[in-house]
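Structural characterization, general
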Number of protein chains: 2
Amino acid sequence: MNKIEVTLGIDIGGTNTVLGFVDINGNSYLKSTIPTKGHEPADKYFERLRRKIDELLIEIYGKYILKGIGIGAPNANYHKGTVEYPPNLNWGYVEVIKIIKQYYNIPSAITNDANAAAIGEMKFGAAKDMKDFIVITLGTGVGSGIVVNGQLVYGADGFAGEIGHTIYDPQGRDCGCGRKGCLETYASASGIRRTVIEMLQNSNDKSELRNLTLDELTSKKIYEAALHGDKIALEAFEFTGKVLGTKLADSVAHTSPEAIVLFGGLASAGKFIFEPTKKYMEQNLLNIFKNKVKIIPSGLPEGDSAVLGASALIWSELDKLTPA
Amino acid sequence: MNKIEVTLGIDIGGTNTVLGFVDINGNSYLKSTIPTKGHEPADKYFERLRRKIDELLIEIYGKYILKGIGIGAPNANYHKGTVEYPPNLNWGYVEVIKIIKQYYNIPSAITNDANAAAIGEMKFGAAKDMKDFIVITLGTGVGSGIVVNGQLVYGADGFAGEIGHTIYDPQGRDCGCGRKGCLETYASASGIRRTVIEMLQNSNDKSELRNLTLDELTSKKIYEAALHGDKIALEAFEFTGKVLGTKLADSVAHTSPEAIVLFGGLASAGKFIFEPTKKYMEQNLLNIFKNKVKIIPSGLPEGDSAVLGASALIWSELDKLTPA
């Protein structure tokens, strides 16, 4: 029997790190998890990660051939192979690829999770065969990965694709980045929560969301309320889509993508977020771009998307090494 | 004697069309001009253009070898080789590259003037050896050319790079594109004129600009007044740089360029436009991008820049045809 070629995808999240082997067709094998334990220093984490990878390598021995390792992580720099001062991990500046290569002498690459998601969509998901598209991740924050001419945009410094930190309103909401009015403060899961809290304070409209404590008031609850026709919830989605669509019109003016993929928690609200986003994007587009740009959901299976993205990163690096 | 390889650069402007041969090192030869006569239909124009090119080809016969033709034109689409409904030319939809190839069976390409300027800067000017940068043309309007990974960004539809039509203020000034508050309505030669007129109406400050008729009030006059220390002129440049710098911070968040090249009429105001643009861009940048992005002037000789840009376009296409 021929051995199957796979890469190892590793998604380093604030709480858990998910690992899995993925073949060239996007089939995943042997998915596994370790706790990230963000309070620990990086060297302890990478020691635990190495032990887990070794375990997995013993399991695949003789069946699969490991071709490379791809990693998605917060504040990751593709050019330098580093993770730099991630907000939720007590790591500081870590040369991740250097560490990985000391253990495993095979092609390895790292990028942030939104960029990994973009490569995942291009390789295995909704953007197959597209050369120009943007992925927007609507999670706790707003991330983005921009693809131009079939290549992810890393920029001069390796940190390109921060659409979540373009400014919607210079006098707007305080952002975790220290500035005001970033897209992320409106169009993320926490952003729509802030919108609902503002709306509940400023109106007397009935709403099932009034019965929740602040801790209970999640974007999922807002989605459920919208499903029930709750006026505040529906208005909050409309406003969120307005902010997102308005800023995406600016993004289209930069790279003129074929499609924009909405990915992550808030995107699972379906039409409640897609419809106003599309409407306000079209309203704000320059004429030459109108009715051209699709807004579509992720094509990656939900539980596997992070590992598939990290794996796709290294598959696409391996493509570059192979002469055409 | 060896013949020198050249390309023909053609810049189609609203008033004049400038042509010239350019070698691989950016030396230009035999520059020439025909009136564009925008009121004429396209077929008459291209007949006149062909006669002029034929004249030039006779002149270079035996001395130069023509390798290709590059064209910069308003509303040009690189993918389709077309010019589509240019605002100042009575052309409609014209398949320019098809026409050119009927006459001259050599590699030919077209793009808009800002994209041509970006390729010109990369090949011959201020962005030599840069792989990620943006050119902003500050003329009657605001154009832009974005380069990522050493390639111009054309986008899915060939029209990418319209930073001049990103929105600064949704309730702002009427733009020729039919929307409100585009960057172009503030940061162009006509935009700073509008700023000065507003300021003169809203203040009683003395200003030498009060002695001019509206027709006389050009961006050049505003620059001269700034040189004399005129308060209104200085404030107008400060405000123009504020708008431009604020929006450029959003552009940096997209593609993280090494540098932004300011090009065209308003850029010749030097420190009056560069200093506030840099200041407000830095103020509005996400932390990770601060103090990284240079704002620099064009490196192309002023009178030759359009022809060099158009020529650089086809030189870079020829590079793609040559195996590395």
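Residues numbered from 1 in each chain as written. Chains lettered and ligands numbered in written order. Predicted model: local features only at pLDDT ≥ 70, side-chain atom pairs only at ≥ 80, totals over all residues.

**A word on the sheet that holds strand S11 (residues 151-152) of chain A**
Residue and element names in this part refer to chain A. Spatially, S11-S10-S9-S12-S13 is the arrangement adopted by the 5 strands of the open sheet, whose pairing is mixed. In this open sheet, the two edge strands, each paired with only one partner strand, are S11 and strand S13 (294-297). Pairing of strand S12 (residues 259-263) with S13 involves 4 bridges; the strand directions are parallel. Bridging from a neighbouring strand, Leu262 pairs with Pro297 of S13. Here helix H8 (residues 271-284) sits on the sheet and contacts S12 and S13; the angle it forms with S13, its principal contact strand, is near 165°. (Pairing = 2+ DSSP bridges. Helix = DSSP H or I, 4+ residues; strand = E, 2+ residues; numbered from the N terminus. Contact = placed C-beta atoms within 7 Å. Axes fitted to C-alpha atoms, helices over the stretch in contact; angles between N-to-C directions.)

**Some thoughts on the pairing of strand S4 (residues 64-72) of chain B**
Residues and elements named next belong to chain B. Pairing of strand S1 (residues 4-12) with S4 involves 8 bridges; the strand directions are parallel. Within S4, the position partnered with Asp11 by the bridge is Gly72. The pairing of S4 with strand S8 (residues 108-111) spans 4 bridges and is classified as parallel. By the bridge assignment for S8, Gly70 is matched with Ala109.

**Some details on the confidence of the model for chain A**
Averaged over every residue, the pLDDT of chain A is 94; residues scoring 70 or more account for 99%. Here the predicted complex scores 0.93 on pTM and 0.92 on ipTM. (pLDDT = per-residue confidence, 0-100.)

**Topic: the interface of chain A and chain B**
Between chain A and chain B, the contact holds 32 residues from the first and 32 residues from the second. Those elements that provide at least two residues to the side of chain A that touches chain B are strand S10 (142-148) and helix H7 (231-255) of chain A. In terms of residue count, H7(A) provides more of the side of chain A that touches chain B than any other element does, 5 residues in total. Broken down by class, the residue content of the side of chain A that touches chain B amounts to 14 nonpolar, 12 polar and 6 charged. (Nonpolar A, V, L, I, M, F, W, Y, C, P; charged D, E, K, R; others polar.)

**Quick look at unusual backbone geometry**
Peptide bonds are mostly trans, and most non-glycine residues show a negative phi. Positive phi, close to 60°, is recorded for A:Asn291, a residue that is not glycine. Among the structural elements, A:Asn291 can be located in the loop between H8 and S13. Phi angles above zero are rare outside glycine, and B:Tyr85 is one such case at about 50°. Secondary-structure assignment places B:Tyr85 in the loop between strand S6 (82-84) and strand S7 (93-94).

**Considerations on the relation of the copies chain A and chain B**
Least-squares fitting of chain A to chain B yields an RMSD of 0.0 Å, with the transformation described by 0.0 Å of translation along the axis and a rotation of 180°. Classification of the inter-copy transformation places it as that of a two-fold axis. Looking at chain A, 100% of its interface residues are interface residues in chain B too, so the copies touch through the same face. (Least-squares fit on C-alpha atoms with pLDDT ≥ 70 in both.)

**A few points about the environment of B:Phe263**
Residues and elements named next belong to chain B. Positionally, Phe263 belongs in strand S12 (residues 259-263). The sequence separation of Phe263 and Thr17 amounts to 246 residues, and the corresponding C-alpha distance is 19 Å. Apart from residues no more than four positions distant in its own chain, Phe263 is found in contact with Ala117, Val135, Ile136, Thr137, Leu138 and Ser298.

**As for the packing of helix H5 (residues 189-202) of chain A against H7(A)**
All names here are of chain A. Remark: H5 packs on H7, axes separated minimally by 9 Å, with the N-to-C direction vectors making an angle of 130°. With respect to each other, H5 and H7 are oriented oblique. Seen along the crossing, H5 lies across H7 with a hand that is right-handed. Taken together, the residues of H7 that come into contact with H5 (itself represented by Gly191, Ile192, Thr195, Val196, Met199 and Leu200) are Ile232, Glu235, Ala236, Phe239 and Thr240. Class assignment for the residues of the contact of H5 with H7 results in 7 nonpolar, 3 polar and 1 charged. (Parallel < 35°, antiparallel > 145°, perpendicular 65-115°, else oblique. Left-handed = near helix turned anticlockwise from the far one by under 90°.)

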